[in-house]
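Residue strings, one per chain:
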Amino acid sequence: MFFSFVWVADGSGIEICAGFNRQSLCRWTTKRTLRVTKACFASSALPCHRSAQSSGDSMRYSRLFIGFALILIALWVIVSEQMAGASADAVINARLTTLRSPIAGQLSMPPRGLGSSVSVGEELVSVTDPLVDKIRLDDLAMERGFAEAEVARLSLQVERATAQIEALEARRQDYSLERVTEIEIRLSRARARLDLIERGILGDEAVAGLVEEGQSGDQGDPQIEGIAVEYARERVAVLEITLRSAKSGVFLGDGYNDAPFSEQRRIELETLRSGLDADWTNAKVRLGTIEARILKERERTTLLGRAALSSTANGQVWEVLAADGEIVQRGQDVLRLLDCDSTIVTVSVTEGVYNRLTVGEAAVFRLSGDGRNFAASVIRLAGPGAGTIYQNLAIAPSQRHLERYDVALVVPSLREVPELRCTVGRTGRAFFDARPLDWLRDIWR
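Nothing here was measured: the structure is a model prediction, and the numbers come from that model.

A word on the overall build of the protein. Of regular secondary structure, the protein possesses ten helices and 15 strands. In the protein, which comprises 445 residues, the proportion classed as buried is 33%. Put simply, 73% of the contacts in the protein that link residues at least 6 apart link residues at least 24 apart. Accessible surface computed for the protein: about 27600 Å², of which carbon and sulfur atoms make up 56%.

What follows is the structure, encoded as structure tokens:
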């Protein structure tokens, strides 16, 4: 039986080996244990050897227990981290808006690079068409000339009819005045003759002469001298009626109507002028309508001659689809703009995580290479094969993304941070459950 001792270089311990028949047993021990062992060998006491052996067994079991506990904790952390609801990938995305040419013409685009900032209402490009169609405008100008000539013709006719009416009205007034004067004279003479007859001043021959003149004016009246007084009275009454009618504008007499020729002609011209006034008004309305159509056609021609394309979003120039000086067609795509106000995060998750999510549920988004966490919420659950919803987004999904379940998040904090407001294309991860090492991540941040 033999013993061997091997000291460690730093003096922290010693390796003790005991052997018998070429079989040895080595054990590592510290200096303190070595002193106990030496004392035991010196005294050759068996209890001391058992005490040292029990002390080593207790330390060995303690180390095994602590190691097993640490292994369990590590496994729990690993499993919890892996089983926590998290996305496989996450990409910052945003909506695209396309500017199309409203007319056909030559494109004028000032130098503007990809990624340059734009704002709503800012004019970006313009399209000019030097060959705009003006045939309709020329036709309307010709119609306006015809309408103006018609209005001038009717206006002249109305003026002439008005002048004739005024002349006939003056003539009628003169005729009425002279006619009333005539009737008044005749009435005064008739009254005088009646007075002479009634007083018997006139002889029989004179009365017979009055009868022969036909005082009543009726062809069937008998020429009898005894009724000459009645004839004279009738004449006075008739003249009184004629005078009263003439003063009211109605003329009684043989050979004409209740109005003189000038009055009748005036009435005809007034009727004609009423029709001309209606036609004149209609022509002026038609002319005004043509003027309005010409104004609209000029506006249309102006719009077709030049069109300015302004930005519809606050963001960046994402893609230039036409060059300066190029001839573009109506409806052709010219620019694509990135709308930085519509930033979202598109993520893909497993089926198990997807089925636990609901719209409006809270989440956490973290950029790759950035320790900050951003509060987010679920706004859309598109599911598997959601390739069609990316047609109007800046970043298209990968094939692996489409094989999983698509989820869209809104992250308001990204829009509030200037350097992250429009970082479309950056990647990260989204988490939907709390994880065991979140407290350590918070300390690290």
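The subject of this paragraph is the sheet that holds strand β5 (residues 105-108). The four strands are arranged β8-β7-β5-β10 in an open sheet whose pairing can be described as antiparallel. Edge positions in the sheet fall to β8 (306-310) and β10 (327-328), since each of these pairs with one other strand and no more. For strand β7 (residues 123-128) and β8, the ladder comprises five bridges, and the chain directions are antiparallel. Bridge assignment links Val125 to a residue of β8, and that residue is Leu309. Relative to the sheet, helix α6 (residues 261-305) contacts β7 and β8, its axis offset from that of β8 by approximately 60 degrees.

Let's shift gears to the environment of Val364. Residue placement: Val364 occurs in strand β12 (residues 362-367). Judged by its relative accessible area of 31%, Val364 falls in the partly exposed class. The spacing of Val364 and Phe432 is 68 residues in sequence and 6.5 Å in space, taken between C-alpha atoms. In contact with Val364, not counting residues within four places along its chain, are Asn373, Phe374, Arg429, Ala430 and Phe431.

The rules behind the values
Residues numbered from 1 in each chain as written. Predicted model: local features only at pLDDT ≥ 70, side-chain atom pairs only at ≥ 80, totals over all residues. Heavy atoms only, no water. Helix = DSSP H or I, 4+ residues; strand = E, 2+ residues; numbered from the N terminus. Buried < 20%, exposed > 50% of the residue type's maximum accessible area, 1.4 Å probe, protein only. Contact = heavy atoms within 4.5 Å. Areas by Shrake-Rupley, 256 points an atom, 1.4 Å probe, with all protein chains shown as cover. Pairing = 2+ DSSP bridges. Axes fitted to C-alpha atoms, helices over the stretch in contact; angles between N-to-C directions.

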